Amino acid sequence: MRHENILGFIAADIKGTGSWTQLYLITDCHENGSLYDYLKSTTLDNKAMLRLAYSSVSGLCHLHTEIFGTQGKPAIAHRDLKSKNILVKRNGTCCIADLGLAVKFISDTNEVDIPPNTKVGTKRYMPPEVLDETLNKSHFQSYIMADMYSFGLILWEIARRCISGDMKEVVCIKRLRPSFPNRWTSDECLRQMGKLMTECWAHNPGSRLTALRVKKTLAKMSESQDIKL
């Protein structure tokens, strides 16, 4: 799980007496805080926007990818992707945090290892198939594509803040998604970002982009603007 765009784990500890227990997770510290907080106080140019987006999807791509060998890892779906669960490093890149709801794919048995808790993700970021409970829980790719829907909203949020109402009616019935400011059409970089997020939050899970495809597109956009990520 060691990756520059995944929050670094240092140690775990437990303290307590017979009457109380405290569990500790010790991780790397990033003083900029969450992407959610960072965006409230920071104005982005194209370079900063692409840097945040590319580093975030690089972490997600690493999570989603199964790696074989002694230093390998299973494919993992996050299940609670949101700007509050992404941290901003001092250099303006991101790392993905809070894997408390993550599920992993056991490729040997073709099974999804779902943790035994009843918590669900954050409604504002849930895709239609999670809101209307049609997601195929035995198919790991379903969770991967649900992550991509959430990431599409994060891409939008990087450029502009998100709003919500009755989420099931808005997302499932009216099939509404966040709107784009008119100024995005006059900036080629923002226009391409709009196209990218639209392809992430498609209603049909099978139509959504993969993290690897988003990563490659953002890399190409950066290269075309002579931006080094």
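This text follows the structure it describes.
My aim in this report is to walk through the structure given alongside it, one point at a time. On a predicted model such as this, the values are computed, not experimentally measured, just so you know.

## Let's talk about the state of the cysteines
Part 1 of the reasoning: Per the stated rule, a full pass over the model turns up 0 disulfides.
Part 2 of the reasoning: Looking at C61, it has no disulfide partner, and the nearest cysteine sulfur is the one in C200, 12 Å off.
Part 3 of the reasoning: Its sulfur unpaired, C189 is 15 Å from the next cysteine sulfur, which belongs to C200.
Part 4 of the reasoning: Overall, the relative accessible area of 1% leaves C189 in the buried class.

## Quick look at the packing of aromatic side chains
Part 1 of the reasoning: The tally for this structure, following the rule as stated, stands at 3 aromatic pairs.
Part 2 of the reasoning: Where F180 meets W201, the ring centres are 6.1 Å apart and the plane angle is 35 degrees; that geometry is what we call tilted. Placement of the pair is F180 in the loop between α5 (167–173) and α6 (188–200) and W201 in the loop between α6 and α7 (211–224), with a sequence separation of 21 residues.
Part 3 of the reasoning: Ring pairs connect the aromatic residues F180, W184 and W201, which therefore count as one cluster.
Part 4 of the reasoning: In this structure, K84 packs its charged tip against the face of Y36, placed 4.6 Å from the ring centre.

## Some points on the pattern of salt bridges
Part 1 of the reasoning: Following the criterion strictly, the structure yields 6 salt bridges and no others.
Part 2 of the reasoning: Between E31 and R90 there is a salt bridge, with its nearest N and O atoms 2.7 Å apart. Residue E31 is found in the loop between β2 (21–27) and α1 (35–41), and its partner R90 is found in the loop between β4 (86–88) and β5 (94–96); the two are separated by 59 residues along the sequence. The same class applies to E31 and to R90, which are both exposed.
Part 3 of the reasoning: A salt bridge links K195 to E199, with the shortest nitrogen-to-oxygen separation between them at 3.2 Å.

## Notes on the side chain of K89
Part 1 of the reasoning: Relative to the assigned elements, K89 resides in the loop between β4 and β5.
Part 2 of the reasoning: In this structure K89 is buried but unpaired, with E4 as the nearest side chain of opposite charge at 5.2 Å.
Part 3 of the reasoning: Only 2.4 Å separates the side chain of K89 from the backbone oxygen of E4, close enough to count as a polar contact.
Part 4 of the reasoning: The residues contacting K89, other than those within four sequence positions of it, are E4, H30, N32 and C95.

## Observations regarding the packing of helix α2 (residues 46–64) against helix α4 (residues 140–159)
Part 1 of the reasoning: In the contact formed by α2 and α4, the axes pass within 10 Å of each other and the chain directions differ by 170 degrees. One element, α2, and the other, α4, form an angle in the roughly antiparallel class. The two elements α2 and α4 cross, and the hand of that crossing is right-handed. Seen from α2, the contacting residues are M49, L52, A53, S56, V57, L60 and H64; seen from α4, they are I144, D147, M148, F151, L155, I158 and A159.
Part 2 of the reasoning: Considered class by class, the residues forming the contact of α2 with α4 number 11 nonpolar, 2 polar and 1 charged.

## Details of the sheet that holds strand β7 (residues 111–113)
Part 1 of the reasoning: The strand order across the open sheet formed by 3 strands is β3-β6-β7, and the pairing between neighbours is antiparallel. Unpaired on one side and paired on the other, β3 (75–77) and β7 mark the two borders of the sheet. For this sheet the average axis-to-axis angle between neighbouring strands, irrespective of direction, equals 30 degrees.
Part 2 of the reasoning: With 3 bridges joining them, β3 and strand β6 (residues 103–106) adopt antiparallel strand pairing. Looking at the pairing, I76 lines up with K104 of β6.
Part 3 of the reasoning: Sheet strands touched by α4: β3, β6 and β7. Its angle to β3, the strand with the most contacts, is close to 55 degrees.

## Points about α4
Part 1 of the reasoning: An ideal rise of 1.5 Å per residue puts 28 Å on 20 residues; α4 measures up with 30 Å between its terminal C-alpha atoms.
Part 2 of the reasoning: With respect to burial, α4 is a largely interior element, 18 of its 20 residues being buried.

## Considerations on the pairing of β2
Part 1 of the reasoning: The pairing of strand β1 (residues 9–16) with β2 spans 7 bridges and is antiparallel. The partner of K15 across the bridge, within β2, is Q22.
Part 2 of the reasoning: Adjacent in sequence and paired antiparallel, β1 and β2 are bridged by 4 residues.

Reading guide: rules and limits
Residues numbered from 1 in each chain as written. Predicted model: local features only at pLDDT ≥ 70, side-chain atom pairs only at ≥ 80, totals over all residues. Heavy atoms only, no water. Disulfide = S-S within 2.5 Å. Buried < 20%, exposed > 50% of the residue type's maximum accessible area, 1.4 Å probe, protein only. Phe/Tyr/Trp six-rings, centres within 6.5 Å; stacked < 30°, edge-to-face > 60°. Helix = DSSP H or I, 4+ residues; strand = E, 2+ residues; numbered from the N terminus. Lys NZ or Arg CZ within 6 Å of the ring centre and 35° of its normal. Salt bridge = Lys/Arg side-chain N within 4 Å of Asp/Glu carboxyl O. Lys, Arg positive; Asp, Glu negative; His and termini not counted. Polar contact = N/O pair within 3.5 Å; in protein donor to acceptor, adjacent residues only side chain to side chain. Contact = heavy atoms within 4.5 Å. Axes fitted to C-alpha atoms, helices over the stretch in contact; angles between N-to-C directions. Parallel < 35°, antiparallel > 145°, perpendicular 65-115°, else oblique. Left-handed = near helix turned anticlockwise from the far one by under 90°. Nonpolar A, V, L, I, M, F, W, Y, C, P; charged D, E, K, R; others polar. Pairing = 2+ DSSP bridges. Expected span 1.5 Å × (residues − 1).

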